[in-house]
Amino acid sequence: MPNNIVKVRITEQAFDPALELSAFGAGRQDTGALANFVGYCRDMTAGRRVGELTIEQYPGFTEREITRLANQVSRELGTLDLMVVHRVGAIRPGEAIVLVAALAAHRNAAFEAVRLLMDYLKTDAPLWKKESGPDGVRWIEPSAHDHARRDQAKEKSGEKV
Amino acid sequence: MPNNIVKVRITEQAFDPALELSAFGAGRQDTGALANFVGYCRDMTAGRRVGELTIEQYPGFTEREITRLANQVSRELGTLDLMVVHRVGAIRPGEAIVLVAALAAHRNAAFEAVRLLMDYLKTDAPLWKKESGPDGVRWIEPSAHDHARRDQAKEKSGEKV
Amino acid sequence: MKLVFLGRFRELAGARLSDVPLPAGVRTLQGLQDWLARTEPDLAVALTGARTQVAINQTLVRDPAYPIGDRDEIAFLPPMSGG
Amino acid sequence: MKLVFLGRFRELAGARLSDVPLPAGVRTLQGLQDWLARTEPDLAVALTGARTQVAINQTLVRDPAYPIGDRDEIAFLPPMSGG
């Protein structure tokens, strides 16, 4: 895959997923499929009102680890371009937290790449989330369900990420 | 699902997926996940160079049938907003053919909705594709693989679409 | 009645069948298909593929006994391929 | 050496541990953990969760015998939750 490109960006600024996508893969004519996912900060989680979400990174390490995960997914699924934008810092409900986008020749690879990378990010991206709202402040850790999904994905892909 | 919205648009004009997405779900704070898929016209398919793709619709019927499929998927997966934009007419390599986007509370429902609707569109949307290039003109019909995927999806969802 | 041929069927049928009076004796979808087999044998063969569908007044119809009148729109749809 | 505590570990550790001289006798990751258990017992208990990971000079390390020197950056990472 000579054109296999992986871009990862960690940003403290709010970003516009549509704007990021408009530049992504622009002008390519060899790709049939773009799949992508945007995770947003919700105003309610598990019945609790969310005022603000804070995501902490480990500068340098976080970007490198996410790039490693993305490269692994790109190789496994043979995507053309693969992009991750991840917000850190203080985030308000309605704002985008993460964008994962994959270009591939066919839709299956594009879908799978986005899905697999999202599964990995949930448990293996060095990021730490804290939710604050009227009910107080709490750190969020991946659920047993997230870990199960990731382990399943790992098993299916047959490779260690 | 009181906010369950389905939008379907058939267009003869080229459309910009990023622009369509920027309006989609704008201002919502109750949704955690946006998944979407864009299918592009490729410059090569199965080793043949593509000069132009022409998609024919059955005016009225096509939009209604796609709306029916989208409503079905929206109900099954409990998406919030679900959008389909489908190009018809003469399409050049690099241009977008179809956009399917789903907003949901959680990522799994959003992913599944986009994927299931794409599977249905491949075999059940009243659209007919003709490819022309240096090797001549040919009508494209869904592959046995497309039908198998759709039947599998149908079975998994447990409902008849 | 109005006959609509989509996709490659349209190329086979051309425009000559788009608006034809209901043929004498045709009262059902099966009757119409029999009439086409007599008057347009090549087209009729193409229409008999396993994945051909028929819409009457923009509703998919599978019953060969479905009634047809002179004000109906009957469409012949080759295998669909959206997305 | 530089100690980095992320997420909820950072809140427990505060800033007092960010830059400390290598304690006498500490030569490995295990040695550092033992030292923390003696000097910061509450923090050390938090750090012993099954999903806690350690990065030395920004590389994940699992081997308790991994050597540690005074110029190293040792980070304690609670369970990660991106996406």
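This text gives an overview of the structure that appears in the document. (Residues numbered from 1 in each chain as written. Chains lettered and ligands numbered in written order. Predicted model: local features only at pLDDT ≥ 70, side-chain atom pairs only at ≥ 80, totals over all residues. Heavy atoms only, no water.)

## Overview of the pairing of strand 6 (residues 81–87) of chain B
Residues and elements named next belong to chain B.
Working step 1: With seven of its seven residues buried, strand 6 lies for the most part within the structure.
Working step 2: Burial of the side chains of strand 6 extends over both faces: Asp81, Met83, Val85 and Arg87 are buried on one face and Leu82, Val84 and His86 on the other.
Working step 3: The pairing of strand 1 (residues 5–11) with strand 6 spans seven bridges and is classified as parallel. Pairing of Ile5 across the sheet is with Asp81, part of strand 6. (Buried < 20%, exposed > 50% of the residue type's maximum accessible area, 1.4 Å probe, protein only. Helix = DSSP H or I, 4+ residues; strand = E, 2+ residues; numbered from the N terminus. Pairing = 2+ DSSP bridges.)

## Here's the deal with the interface of chain A and chain D
Working step 1: Facing 27 residues of chain A, the contacting portion of chain D comprises 21 residues.
Working step 2: Buried surface at the junction of chain A and chain D, summed over both partners, amounts to about 1,900 Å²; 51% is from carbon and sulfur atoms.
Working step 3: On the chain A side of the contact with chain D, Tyr58(A), Trp128(A) and Trp139(A) bury the most area, a combined 33% of that side's loss.
Working step 4: A salt bridge links Glu141(A) to Arg8(D); the shortest N-O distance between them is 2.7 Å.
Working step 5: There are 17 residue pairs in polar contact (both at pLDDT 80 or more) connecting chain A and chain D.
Working step 6: Of all elements in the fold, only strand 5 (52–57), helix 2 (61–77), strand 8 (96–104), helix 3 (107–124), strand 9 (127–133) and strand 10 (136–140) of chain A reach the threshold of two or more residues within the side of chain A that touches chain D.
Working step 7: Counting residues per element, the side of chain A that touches chain D draws most heavily on helix 3 of chain A, at five residues.
Working step 8: Each residue belonging to the side of chain A that touches chain D can be placed in one class, and the counts come to 14 nonpolar, five polar and eight charged. (Contact = heavy atoms within 4.5 Å. Buried area = accessible area lost by both parts, 1.4 Å probe. Salt bridge = Lys/Arg side-chain N within 4 Å of Asp/Glu carboxyl O. Polar contact = N/O pair within 3.5 Å; in protein donor to acceptor, adjacent residues only side chain to side chain. Nonpolar A, V, L, I, M, F, W, Y, C, P; charged D, E, K, R; others polar.)

## Considerations on the relation of the copies chain A and chain B
Working step 1: You can overlay chain A on chain B at an RMSD of 0.0 Å; the transform is a turn of 180° with a shift of 0.0 Å along its axis. The transformation just described matches what one would write down for a two-fold rotation axis. Residue Ala18(A), judged by its C-alpha, is the member of chain A lying nearest the rotation axis, at 2.4 Å.
Working step 2: When the interface residues of chain A are mapped onto chain B, 100% of them again fall at the interface, so both copies present the same face. (Least-squares fit on C-alpha atoms with pLDDT ≥ 70 in both.)

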